[in-house]
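The primary structure of each chain is shown beneath.
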Amino acid sequence: MDSTTTPKANLKKYIKVDGKWRFVPVLKQNGVPYPGTVLIEGEPVRSTTGTFYLELYENGRRIQRPVGASPREAKDAWFRHSNPDAPNDTNLNELAANPQSSPISVAFERFLDEVKASKEPATYDAYEADLRWALHKLGKRYVSDVTRHDILRVIGKGREEGLDTKTVNRKLIVVLMALRNSGAVIDMKRGDWPKGTEPIVQIYETKEMATFFKACTPREKLIFETFLCSGFRAREVATLTWSDVDFKQRTLQVRHKPEYKFKPKNHEERTVRVPLMLIKSLAAWRKGHGDDTLILPTPPHPKRPNYGGQRPDAHHLELCKQIAWRAKLNCRQCVTKKGKCANGPYCGKWHLHKWRHTFATNLLRSGVDIKTLQVMLGHKNLATTEKYLRTLPLKDLGSKIEKSINAGILRRK
């Protein structure tokens, strides 16, 4: 059958939603399905159970053909249907390993499979978004067709879209990793990567934090007190359990929790001393929620009975923006992918990592040395922590440098 007459096919998955079995569409980006994610009421949801079906129309009749339970089986079936000229015994893993015949979409999928096995879910999501963004911009079908010129052209397209230099470079580094993972040879030159300015670290100021906390419910106040007083990342707060709290030593612990599919970044577990204020807030919260394992699990949903329970809450970012909107702290000027800041809880100046920046800056201003801060933040390299030095007044910065040198941090004895 000629590929031009191949009936279009979609991937669907038969899963249980709110206690009822139903067909839901598989997420599709740039014409390529991503079987690991389905759409439920228009929202992308990770799905690990159920059966995939290839839906197509022949002679005006709808056909739903089962194609297996694994994302790889589903993707293979979709690829073979969309590429009928490929040999029947074609193995997609072999295709992806051979840049002479591997479609870029298949190479990207294979790379993401490996990322899923070795990296955190947040890393997988970021890489998937970067590859999805670049897929149609490359303008080529096979890995072997991609050249240095194509990479430079995509860099230019990213900048035309208004993306900052650091974001474009990061996306293209991921693309190159995926292509080279499939055997591509693309040699970039030293001057190919545009240089951008390092942005100044932004923090929340005292007055706006006071206004923000005043607009919080007790649960919301505890969530963002934890971000502010611990410097924890989003997943570190979401997976925090009561066994991580030492009320006597006033510490919180970050550790590996396989039951929540969580590993500390850089695989470094750590213990962080926190203010007495947060310890008191946690102690008060435990009186009514001490039977839970997680301190701040996903709250129940008014319309979805199977939502919530003892699962990490993945909606702290949205909650942060909603509170800022409620407290009238939106800048009312920025425009994000979800909407205009002036029209709803979309302000780009309110995000979770800014609490971490505020925590780090406050510690430096209070006299904590840079090496101690590195350990508390869980940074692998001291250079990552040193960016917070730029937030200090020049007078304070000089004293920090002197302390660092005297302590043997920046200079070996």
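Each chain carries its own residue numbering, running from 1 in the direction its sequence is written. Owing to the predicted nature of the model, reporting of local features is limited to residues with pLDDT of at least 70; listing and counting of side-chain atom pairs is limited to 80 or more, with chain, interface and lining totals taken over all residues. Based on all heavy atoms of the structure, the side-chain values leave hydrogens and waters out of the count.

### Digging into the pattern of salt bridges
Link 1 in the chain: By definition here, a salt bridge exists when the distance from a side-chain nitrogen of Lys or Arg to a carboxyl oxygen of Asp or Glu is within 4 Å. For the coordinates displayed, the defined rule picks out 18 salt bridges.
Link 2 in the chain: For D130, the salt bridge is made with R170, and the minimal N-O distance between the two is 3.0 Å. Here the residue D130 occupies a position in helix α4 (residues 121-138), and R170 occupies one in helix α6 (residues 165-181), the gap between them amounting to 40 residues.
Link 3 in the chain: A 1.4 Å probe rolled over the protein chains alone gives each residue an accessible area, and that area as a share of the maximum for its type sets the label: buried under 20%, exposed over 50%, partly exposed in between. Since its relative accessible area comes to 40%, R170 is described here as partly exposed.
Link 4 in the chain: Here E220 and R326 are joined by a salt bridge, their closest N and O atoms 3.0 Å apart. Taken together, the positions of E220 in helix α8 (residues 218-230) and R326 in helix α11 (residues 316-326) put the pair 106 residues apart, joining distant regions of the chain.
Link 5 in the chain: By relative accessible area, which is 8% here, E220 ends up buried.
Link 6 in the chain: When salt bridges that share partners are traced, they join K12, E55 and R62 into one network. Under the scheme used here, helices are H or I runs from DSSP no shorter than 4 residues and strands are E runs no shorter than 2 residues, and both carry numbers assigned from the N terminus.

### Focus on the state of the cysteines
Linking two cysteines covalently via their sulfur atoms produces the bond known as a disulfide.
Link 1 in the chain: We call a pair of cysteine sulfur atoms a disulfide whenever their separation is within 2.5 Å. In this structure the tally under the stated criterion is zero disulfides.
Link 2 in the chain: Here C331 stays free of any disulfide, with the sulfur of C334 as its closest cysteine sulfur at 3.6 Å.
Link 3 in the chain: Between C341, a free cysteine, and C347, which holds the nearest cysteine sulfur, the sulfur-to-sulfur gap is 3.7 Å.
Link 4 in the chain: When its relative accessible area of 0% is taken as the criterion, C341 is described as buried.

### Observations regarding the nonpolar core
Link 1 in the chain: By size, the foremost hydrophobic cluster in this structure holds 52 residues, and its most contacted members are F212, F224, I295, W350 and W355.
Link 2 in the chain: Elements represented by at least two residues in this core include exactly α7 (206-214), α8, β8 (251-254), α10 (276-289), α11, α12 (353-365) and α13 (370-377).
Link 3 in the chain: The leading source of residues in this core is α8, at six residues.
Link 4 in the chain: In contact with F212, other than residues within four places in its own chain, are F224, C320, I323, A324, A327, L329, W350 and W355.
Link 5 in the chain: Here, nonpolar core means buried Ala, Val, Leu, Ile, Met, Phe, Trp, Tyr and Cys residues that are tied together by side-chain atoms lying within 4.5 Å of each other. Of all hydrophobic cores here, the second largest spans 30 residues; its members include A107, F108, L138 and V146. Note on contacts: a residue pair qualifies if any of its non-hydrogen atoms lie within 4.5 Å across the two residues.

### Considering the packing of α7 against α8
Link 1 in the chain: Convention adopted: a line fitted to C-alpha atoms gives each axis, helices being fitted over their contacting stretch, and angles between N-to-C directions are expressed from 0 to 180 degrees. Put simply, α7 and α8 touch, their axes get as near as 10 Å, and they point 150° apart. By the angle between their directions, the pair α7 and α8 is classed as roughly antiparallel. Contacts from M209, F212 and F213 in α7 reach K221, F224, E225 and L228 in α8.
Link 2 in the chain: Here the nonpolar group is Ala, Val, Leu, Ile, Met, Phe, Trp, Tyr, Cys and Pro; Asp, Glu, Lys and Arg are the charged ones; every other residue, Gly included, is treated as polar. Split by residue class, the contact of α7 with α8 holds five nonpolar, no polar and two charged. Angle categories are assigned with fixed cut-offs, so that under 35 degrees is roughly parallel, over 145 is roughly antiparallel, 65 to 115 is roughly perpendicular, and the rest are oblique.

### Quick notes on the side chain of T37
Link 1 in the chain: Within the secondary structure, T37 is located in strand β3 (residues 32-40).
Link 2 in the chain: The buried category is assigned to T37, whose relative accessible area is 7%.

### Re unusual backbone geometry
Link 1 in the chain: With a phi angle near 60°, R250 is a residue other than glycine that sits in the positive phi range.
Link 2 in the chain: Structurally, R250 can be placed in the loop between β7 (245-246) and β8.
Link 3 in the chain: For R250, a relative accessible area of 31% translates into the label partly exposed.
Link 4 in the chain: One non-glycine residue, K261, lies in positive phi territory at about 55°.
Link 5 in the chain: Its place among the elements puts K261 in the loop between β8 and β9 (270-273).

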